[in-house]
Amino acid sequence: MDDRTPQWRVYGFLVSLSVRPVVVLLVLMVSQVAEAQTLSQRLREEPVGSLAEAARQRGDAVRGAVLLTQKNLNCTGCHAAGVRHPIGPDLKNLGPETTDVSLVEALLEPSKVIRKGFESSVIVTTAGKVLTGRIVDQKPDQILFRETSGDFNEMTLRRIEIESITPSELSAMPENLVDQLASREQFLDLIRYVMVLAANGGTHASHGHSAGGKQIEPELQGVVLLKEFNCSACHADDVSKSQLTAKQAPNLKWSAGWIDPRFVRKFIADPSHVRPGTTMPDVLSGLAANERETAAEELSHYLATLSDRQFAVQAVDVEAVTRGRELFLTVGCVACHAPRDDSGVELIQEESQPLGHVRDKYNLDGLVRFLKDPLESRVSGRMPKMNLTHWEAIDVASYLLSGDNDETDAEPFQLNSDLAAKGKDRFQKLGCQKCHQLDSTENQFMHPSLATARVDKGCLSMQAGDWPKFSFTTGQREALLAALNRKANDRKPKDEIDVTLTGLRCLNCHQRDELGGVSAARDLHFHTADPNLGPQGRIPPPLTGVGAKLNSEWMRQVLVSGRTIRPYVLTRMPQYGAENVGHLVDLFPQVDQLPPVEHAAFEDQKEMRKIGAEMVGTGGLNCIVCHTFQLKRSANMSAVDLTEMSERLKKDWFYHYMRDPQQLSQNTIMPSFWPGGWAMRRDILNGESDLQIEAIWQYLLDGRQAPTPRGLIQEPLELVATDEAVMLRRSYPGVGKRGVGVGYPGQVNLVFDAEQMRLAMIWQGKFADAGGVWRSQGHGTVRPLGPKVMSFSPGPDIDDADHPWIVDEGRPPEHRFKGYSLDNHRRPTFRYEIGDVSVEDVLLDVADGESGRSFLRRTIRLKGASTSRKLTFRAATGKKIESRDHGDFVVDGQLTVHLDPQHEGKVLDAVDGQHLQMRLKFVDGFDTLIVEYRW
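Residues numbered from 1 in each chain as written. Predicted model: local features only at pLDDT ≥ 70, side-chain atom pairs only at ≥ 80, totals over all residues. Heavy atoms only, no water.

Could you give an account of the overall build of the protein chain, naming the residues involved and the relevant values?
When helices and strands are tallied, the protein chain shows 29 helices and 27 strands. Within the protein chain, buried positions represent 52% of all 935 residues. For the protein chain, the share of sequence-separated contacts (at least 6 apart) that also reach a separation of at least 24 residues comes to 66%. About 44,200 Å² of surface is accessible on the protein chain, with carbon and sulfur atoms providing 50% of the total. With 109 positive and 124 negative side-chain charges, the protein chain shows a spacing of 2 Å between the two charge centroids. (Helix = DSSP H or I, 4+ residues; strand = E, 2+ residues; numbered from the N terminus. Buried < 20%, exposed > 50% of the residue type's maximum accessible area, 1.4 Å probe, protein only. Contact = heavy atoms within 4.5 Å. Areas by Shrake-Rupley, 256 points an atom, 1.4 Å probe, with all protein chains shown as cover. Lys, Arg positive; Asp, Glu negative; His and termini not counted. Charge placed at Lys NZ, Arg CZ, Asp CG, Glu CD.)

Account for the packing of helix 4 (residues 48–58) against helix 8 (residues 184–200), with residues named and values stated.
Where helix 4 contacts helix 8, the two axes come as close as 8 Å, and the packing angle between them is 80°. Judged on the interaxial angle alone, helix 8 and helix 4 are roughly perpendicular. Along its contact with helix 4, which presents Leu 51, Ala 52, Ala 54, Ala 55, Arg 56 and Arg 58, the element helix 8 presents Arg 184, Phe 187, Leu 188, Asp 189, Ile 191, Arg 192 and Met 195. (Axes fitted to C-alpha atoms, helices over the stretch in contact; angles between N-to-C directions. Parallel < 35°, antiparallel > 145°, perpendicular 65-115°, else oblique.)

Describe the sheet that holds strand 16 (residues 798–800), listing the residues and the values that go with them.
What the four strands build is an open sheet, ordered 16-21-26-25; its pairing is antiparallel. Looking at strand neighbours, the two that pair on one side only are strand 16 and strand 25 (905–910), the edges of this open sheet. Direction aside, neighbouring strands of the sheet carry axes that sit 40° apart on average. Note that strand 25 and strand 26 (residues 913–919) share six bridges and pair antiparallel. In the sheet register, Val 907 faces strand 26, and the bridge partner there is Leu 916. (Pairing = 2+ DSSP bridges.)

Which residues make up the confidence of the model for the protein chain, and what values do they have?
On average, the protein chain scores 87 in pLDDT, and the residues at 70 or more come to 91%. Throughout residues 1–35 the model reports pLDDT below 50, and contacts reaching past four residues in sequence, or to other chains, amount to 61 contacts. Considering only residues more than four positions removed or in separate chains, one finds that residues 203–209, a stretch of pLDDT under 50, has 22 contacts. (pLDDT = per-residue confidence, 0-100.)

Kindly report on the packing of aromatic side chains, identifying the contributing residues and their values.
Applying the stated criterion to the full structure yields 19 aromatic pairs. Ring centres of Phe 229 and Phe 472 lie 4.9 Å apart, and the angle between their planes is 85°; this geometry places the pair in the edge-to-face category. Here Phe 229 is found in the loop between helix 9 (218–228) and helix 10 (252–255), whereas its partner Phe 472 is found in the loop between helix 17 (417–429) and helix 18 (474–484), with 243 residues between them in sequence. On the basis of relative accessible area, Phe 229 is assigned to the buried category, the value being 8%. With a centroid separation of 5.2 Å and an interplanar angle of 10°, the aromatic rings of Phe 470 and Phe 472 are classed as stacked. Taking relative accessible area as the criterion, Phe 470 reaches 13% and is therefore assigned buried. Accessibility expressed as a relative area gives 10% for Phe 472, which makes it buried. Above the face of the Tyr 399 ring, Arg 340 is positioned so that its terminal group lies 4.8 Å from the ring centre. The side chain of Arg 934 reaches across the aromatic face of Phe 855, ending 3.7 Å from its centre. (Phe/Tyr/Trp six-rings, centres within 6.5 Å; stacked < 30°, edge-to-face > 60°. Lys NZ or Arg CZ within 6 Å of the ring centre and 35° of its normal.)

Tell me what's going on with a negative patch on the surface, and back it up with residues and numbers.
A surface patch of like charges, here negative, comprises Glu 603, Asp 604, Glu 607 and Glu 614. Within the element layout of this structure, Glu 603 appears in the loop between helix 23 (584–591) and helix 24 (605–616). (Patch = residues over 30% accessible without salt bridge, like charges linked within 9 Å, V, L, I, M, F, W, Y side chains within 5 Å. Salt bridge = Lys/Arg side-chain N within 4 Å of Asp/Glu carboxyl O.)

Hey, could you go over unusual backbone geometry for me, with residue numbers and the actual values?
Even without a glycine there, the phi angle at Asp 892 is positive, about 50°. Relative to the elements of secondary structure, Asp 892 occurs in the loop between strand 23 (888–891) and strand 24 (895–899). Even without glycine at this site, Asp 924 takes up a positive phi of about 55°. Counting through the fold element by element, Asp 924 comes out in the loop between strand 26 and strand 27 (926–934). When its relative accessible area of 72% is taken as the criterion, Asp 924 is described as exposed.

Help me get a handle on the pattern of salt bridges, residues and values and all.
This model, assessed by the stated rule, comprises 53 salt bridges. The salt bridge partner of Arg 827 is Asp 845, with a shortest N-O separation of 3.3 Å. With Arg 827 in the loop between strand 17 (815–822) and strand 18 (828–834) and Asp 845 in strand 19 (residues 837–847), the pair connects residues that are 18 residues apart, well separated along the chain. What makes Asp 845 buried here is its relative accessible area of 15%. A salt bridge links Asp 841 to Arg 858; its shortest N-O distance comes to 2.7 Å. Taken as a pair, Asp 841 in strand 19 and Arg 858 in strand 20 (residues 854–864) lie far apart in primary sequence, 17 residues in all. Arg 858 matches Asp 841 in its accessibility class, with the two residues each being buried. Via salt bridges that share partners, Glu 217, Glu 219, Arg 486 and Arg 491 belong to a single interconnected network.

Give a description of the nonpolar core that names residues and reports values.
Among the nonpolar cores identified, the biggest contains 117 residues, and Phe 187, Trp 674 and Ile 696 are the most heavily contacted of them. For this core, the leading source of residues is helix 8, giving nine residues. The residues touching Phe 187, leaving out its near neighbours within four places in the chain, are Leu 43, Leu 51, Val 104, Leu 107, Leu 108, Val 178 and Leu 181. Counting residues in each nonpolar core, the second largest holds 43 residues, with Ile 268, Cys 333, Phe 370 and Ile 394 among its members. (Core = buried A, V, L, I, M, F, W, Y, C linked by side-chain atoms within 4.5 Å.)

Give a detailed account of the environment of Ala 725, specifying residues and quantitative values.
In this structure, Ala 725 sits in the loop between strand 8 (718–719) and strand 9 (726–732). In this structure Ala 725 comes out as buried when scored by relative accessible area, which is 2%. Note: C-alpha distance between Ala 725 and Leu 73 (652 residues apart in sequence) is 35 Å.

Could you give an account of helix 28 (residues 689–700), naming the residues involved and the relevant values?
Its twelve residues give helix 28 an end-to-end C-alpha distance of 17 Å, which sits within 8% of 16 Å, the value for a rise of 1.5 Å per residue. Most of helix 28 sits inside the fold, with eleven of its twelve residues counted as buried. Of the residues making up helix 28, those classed as buried are Ser 689, Leu 691, Gln 692, Ile 693, Glu 694, Ala 695, Ile 696, Trp 697, Gln 698, Tyr 699 and Leu 700. Contacts from the buried residues of helix 28 go to helix 24, helix 25 (645–648) and helix 26 (651–659). (Expected span 1.5 Å × (residues − 1).)

Outline the sheet that holds strand 20, listing residues and values.
One open sheet holds the eight strands; their spatial order is 17-18-19-20-27-24-23-22, and the pairing between them is antiparallel. Edge positions in the sheet fall to strand 17 and strand 22 (881–883), since each of these pairs with one other strand and no more. Taken over all neighbouring pairs, the strand axes of this sheet differ in orientation by 20° on average, direction set aside. Looking at chain direction, strand 18 and strand 19 are connected through six bridges and run antiparallel. The partner of Phe 830 across the bridge, within strand 19, is Asp 841.

Written out as C-alpha cells, the structure reads:
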C-alpha cells in the first residue's frame, strides 16, 4: 500500500467498515485528497531500477494491454504501428538499445531522452498561428507537418507561410501522462506489457501495408478513362477488356421535370464551361456560335417533352440547410466532392468531383429523389447510393441548393412544341442516342473499334471535325493513348481490381496496398462515434488482403447489400449496385493470399470452447472489455462484434491477425497478446499460442449462440453499511462530481451536493452500486440501488429571498462549502456558509419507535453576524406537494416531509414543479430548524 499512504492517513477509519475488501479499496482509490502527491511524483521518488524490477515480477501484461488502448492515455494515438507518419515510435520495434529501465524513464520523464526522428518543433506562421508537432517531410518550397496534440492533424505548410521553426526540447509525450493511471499497480501493468512488446514484437514477417496515396499506372488509368468517357458507345471495346461497367449517360426520361430546362440549354451549349470536369462531350463544336445557341434551345425543349412533370423552383428551409451541411461533411460526400465555404466556393480542388451550381440545375424534389437512389437515373454507379433516409436527403439537398440562384429573376421556361420537334431531329442526327438511349434500339457502331482507331483523327486528335469534342487534359490523353497501345491480354486479376476500385473511386476512402487512402486534405472530415478507437474508429478499413480476410458471402453482403459492422465509423459504405461491383467478390480471393497456416490440433471441442470463452472474458485476455458482444456495447469501446467474427473471417486470416494484429491492420489498436509467438497467459493451455488462438476460434464458431463471457454482464459492486455509515464522494445521476453519498445502517441513504449546498437525493433500501466508478478509474457515475429514489431540483436549499440565485450548473456565488465532520457512527455534519451566515447541516438516520423503520432527520443550525437579510429554506421539491395536518407535507405521493412547529412551510409553484419552502427566523443571530423525511 506504499502508493496510497496519504489516503490511509486521512481515511483510516474505513478499515473498520464491515464491507468487502474491494469496496474499501474502491473508496480509497476514488477519494480526492488535495494534499496528496500525484502518482507520477510518488513514482519518481522510487529508483527506476526498482520500478523496472517490480514491473517484471508483479506487472500483468494482459491488464497492461487493455490500459494501452484507453482513451485517457491515448497511447495508440501516437504509437500506432503501420501509420504513415506516427507521432511516436512503434513499440514493437524499439531496437536493442531499449532496456526495461529506459522504458520506465521514458514514461516518467519523456523529455529526458527523445528518440531520433521523433523530435518536435514549434512553428509560427506568418498569420501568427503557433503549431507544435513533428516535421515528417521537407521540400524546398514546403514541409509536411503533423501536430502532436488534439486530433494529430497532418498538414502541408508552404515555406512562405512560415515565420519561424524552433526545435522543441519537450517530448510529444505529456510529462504527467502517468497521472491518468489509477495506481502504482496499473503503472507496473502498463510497463510490463510494453516490455513484452519490445522484447518479442518484431519477429513476424509483414504481410502488410505501405504508405498508400499512389495511383495506378497510366495504362490502367487509361482503361478507367475509356470506361469513364463511355467510348464503347461509339466504338467496339476490344482494348479495355474490363469488368468495370462503362459510365452510362444519365437517364433523360428521369431527368425531365426534375432538372431545370434552362440549365439543360446552357449545359448543352458549353458543357465543360458550365460543369468543369464533365465527361459530356461538346457535340455542337462544329457549329457556328449562333447556331450552337439555336441547337441547344431546340434540344432543351425536346428533352422537356420526355416527362409530364413541369419543373418548378422550390424554396429550402434554413434549418434543413444547417443539418444538411453537417451530413454532407459526415456521411462521406466529402470523399469525392469538395466542401464549400459560405459563399459556395469549393475548398478542395484537387481530386474532387465538381458539383458546380447545383441550385441552377435541380429543384428540391428532384434532388431529394436523386440523392435517395442515384442508381435509378445513373445505373453505372459512379454516383453511389449513400443510404440516406428521406429526411436526410431533404437536408442534404437543401444544403446543396442553398445560396443565391442566378436564374431567380429569369423568365420561366415555356415549352415550344415547334422547337421540341426540331430538337428531336437534332438529337438523332447528332448521335445523342448512342449515349442516352431512350428506347430499346440496339446500338450500331459507326466507328472503328478501339484497337484499330486512329489517334491522328477523331476524339484524341485534339482537332475539330465530325466527332464529339472532349475536354481531355494532357494527362488524360496520355493515359488513353497508353491504354490503346497495350494489349489487354497482358492484364492480370490484380489490374482488374485496381481498375474497378479507381473507376468507382473506392480508393478515396480505402487504401489497398500502395494505392489510395484518405488524403491529408480530407482527413479531418472523417469522423467517429467512438474516439477511443483511434484512427480505425473513423477511417474506412483498408482493402489490402481483403480477399484473404473475408468469407465470400460476407463480402457480397457488404458490397451489394450494405451490411456493416462498424457503426462507429460515421462515413457510410456506398452502394454501387451488384452489376457494378459483384465481380470483386470473385477477384479479391484470386489475388489476395497469406502464407498457409497449420491449425492447432485438439481432441475435445466442448472443452476448447469453454477455454475460449474464458480467454475472451475478463479472466483471460479481456477481449470483452473492448469488443461488442451480441450487439451489446463493451465498457471500454465499441470494437467489432465478437459474435460475427467466424461468419465474417477466414480462419487462416484470424490466426495471422491474432499473432500480430498491426501487420494486417495498420490502424488497429488491438493489443498483441502473442508478440513473437510468446503467449502472455502462460497458465492457459500450457502457454501454447496456436492452441490458445484455436480455442478462441472454436468459441467464436457458435456466433450469436456463444455463451456470454465473463465481464460482459456487469454485476453491481455494492457498497453496504452495517454498523456504521458509508460515504462515497463521486458523481451521481443529476449531481456533479462533488456529490457526497451517505449510506446509513438503517438503509436510509442520501446524496449531498457540495457544489450547490443542497440535499440532492434520498432513498430507502440498498445504498449504491459503485461499479461505474470502479471500472472507469474513478471517472464514472455511482448508481443508487433503492427502488424509489427521490431527486430534488438543482439550486441551494438556503438562499436569499430578495435576490435568489438563478440556477445553473455552477456554484452559487455567495455559498462556500467548508467540509464536514463525522460522529462516532461516521455520520456527517456538513458545514457551509451563505455570505456572513454559517450553517451546520446534520443528517442522521433515526429508528421509529413504533414501526422500527428508519427515517432521515435533518437538523440545520444557522449563525449569522447580521440578521438583516431574508433567508429561505427549501425542504423538498416535486411535481406535486400536498399539505397535511401537524406540519406534514406529502411529495409526489411517496415521501412525507415533517417540519418543526417553529417554522411554517409553504408550497410554491416553480418552473420545475413545486417547492416546499419556509422563512428562516433569526433570534439573537441564531436559528435552528428540524426536518424529517419518511417513506
